[in-house]
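# A closer look at the structure
Single-letter residue listing:
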Amino acid sequence: MTESNSTDFRHHAQDIHFELLPECSVSRHLSSTGTFYELTFLEAIGRTMPSETVAFDVGAHIGNHTIYFAKVLGWTVFAFEPNPDAFEKLVANVERNGLADKVTCFQVALADVPGAVRMARTEPSDAGTV
């Protein structure tokens, strides 16, 4: 079975567009369900935070949470993703959804101490576990 490179769906009268990452459980979910990954969690966050929230999406991956926060909730988002393949999709998804004015992307890892990191998949068959 060949995985599609992108998926589009509507959520609360919003057109949502995603460039997908091959061999990725989040991408498979977006493509197969036509809705956001962890939607119940995202909706709960949206109900508890004020409308002018500034969000920090640490480990933004391809932007599932980032796109929801910025496009559905209207928040300003700072998205951090060190994985070069995921970061490329994150930036593309921000652009495809017209969110350049609401989202700033950073290709860095964040931690509580300075240093360098080495990334590896914790689940070899899932690019979303880097």
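Report on the accompanying structure.

Parameters and conventions
- Residues numbered from 1 in each chain as written.
- Predicted model: local features only at pLDDT ≥ 70, side-chain atom pairs only at ≥ 80, totals over all residues.
- Heavy atoms only, no water.
- Helix = DSSP H or I, 4+ residues; strand = E, 2+ residues; numbered from the N terminus.
- Rg over C-alpha atoms; globule rule 2.2 N^0.38 Å.
- Buried < 20%, exposed > 50% of the residue type's maximum accessible area, 1.4 Å probe, protein only.
- Axes fitted to C-alpha atoms, helices over the stretch in contact; angles between N-to-C directions.
- Left-handed = near helix turned anticlockwise from the far one by under 90°.
- Contact = heavy atoms within 4.5 Å.
- Nonpolar A, V, L, I, M, F, W, Y, C, P; charged D, E, K, R; others polar.
- Core = buried A, V, L, I, M, F, W, Y, C linked by side-chain atoms within 4.5 Å.

A count of helical and extended segments in the chain gives four helices and five strands. Tracing the chain from N to C terminus, the helices and strands come up as β-β-α-α-β-α-β-α-β. Taken over C-alpha atoms, the radius of gyration comes to 14 Å for the chain, in line with the 14 Å a tight globule of 130 residues would show. Dimensions along the principal axes, computed over C-alpha positions, put the chain at roughly 40 × 40 × 25 Å. Scored against the burial criterion, the 130 residues of the chain give a buried share of 36%.

Before going further, it helps to spend a moment on the packing of helix H2 (residues 39-48) against helix H3 (residues 64-72). Relative to each other, H2 and H3 sit at 35°, their axes nearing to 11 Å. In this structure, the crossing between H2 and H3 has a hand that is right-handed. In contact with Leu39, Phe41, Leu42, Glu43 and Ile45 of H2, H3 contributes Asn64, His65, Tyr68 and Phe69. For the contact of H2 with H3, the residue count by class is six nonpolar, two polar and one charged.

Here we come to the nonpolar core. Among the nonpolar cores identified, the biggest contains 27 residues, and Phe18 and Phe36 are the most heavily contacted of them. The set of elements that each furnish at least two residues to this core consists of strand S2 (14-19), helix H1 (25-33), H2, H3, strand S4 (76-80) and helix H4 (84-96).

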